[in-house]
Amino acid sequence: MNTRKKSVFNFNHIDNELNQGEVDMLKKLYTHYHKKTWCYKKAYKHFKKINLSLNLIAIGLTSTGVVVGSITLNPIVLGYISGAGLTLQGFIKMKNYNRKIEMCKFAYSSYQKVLNEIRSYLRGENYDTENLTLKLNWLDDEITDLCPIVDKFKAKYDKIFE
């Protein structure tokens, strides 16, 4: 079993003109936002699977109830099985999985753009530390306000990456 953890840095070019303090700061930012990107992408996939599974079960229950109810001519069977499907559909709407999916996608795609930007800074593109900090703070605030909490994926991340 391979217990070696993966590296976050999967690129090989860092500009020699950057001083070590800048490189360390950018690497810390990259590591921090890589974790956020990874967690929100996992949450996106998780919510999509849950939403798909529950919708398939709800549709299956509703259609089974209609078919069985019409074959048996028993309205009780129709009511119970179809009712369970409709109740499950109401639960899905109450949990609002579609919004969670959209917000997780917004978060991980926004953080992926940040990673691309930091990677270009490490390769030598000019940047302003103050503007970068303001932009990242604004993005973090927006995502904190709009997106679901993905703390349960952080432990998985720590097991995979160093």
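Residues numbered from 1 in each chain as written. Predicted model: local features only at pLDDT ≥ 70, side-chain atom pairs only at ≥ 80, totals over all residues. Heavy atoms only, no water.

## As for a positive patch on the surface
Together, K6, K41, K42, K45, K49, K152, K156 and K159 make up a region of like positive charge exposed at the surface. Broken down by secondary-structure element, the contributors of at least two residues to the positive patch are α1 (20-72) and α5 (154-160). Here the element with the most residues in the positive patch is α1; it accounts for four residues. Within the fold, K159 resides in helix α5. The exposure class assigned to K159 is exposed, which follows from its relative accessible area of 68%. (Patch = residues over 30% accessible without salt bridge, like charges linked within 9 Å, V, L, I, M, F, W, Y side chains within 5 Å. Areas by Shrake-Rupley, 256 points an atom, 1.4 Å probe, with all protein chains shown as cover. Salt bridge = Lys/Arg side-chain N within 4 Å of Asp/Glu carboxyl O. Lys, Arg positive; Asp, Glu negative; His and termini not counted. Charge placed at Lys NZ, Arg CZ, Asp CG, Glu CD. Helix = DSSP H or I, 4+ residues; strand = E, 2+ residues; numbered from the N terminus. Buried < 20%, exposed > 50% of the residue type's maximum accessible area, 1.4 Å probe, protein only.)

## Let's talk about helix α3 (residues 97-122)
Look at α3: 37 Å from first C-alpha to last across 26 residues, which is about the 38 Å you get at 1.5 Å a residue. Of the residues trailing α3, G124 is marked for its positive phi of about 120 degrees. (Expected span 1.5 Å × (residues − 1).)

## Re the state of the cysteines
Taken as a whole and judged by the stated rule, the model has zero disulfides. The cysteine C39 is free of any disulfide, with C104 supplying the nearest cysteine sulfur at 10 Å. The exposure class of C39 is buried, given its relative accessible area of 2%. Take C147: it sits in no disulfide, and the sulfur closest to it among the cysteines is that of C104, at 6.3 Å. The exposure class of C147 is buried, given its relative accessible area of 9%. (Disulfide = S-S within 2.5 Å.)

So, to be careful, I would describe these as geometric facts and stop short of saying anything about function.
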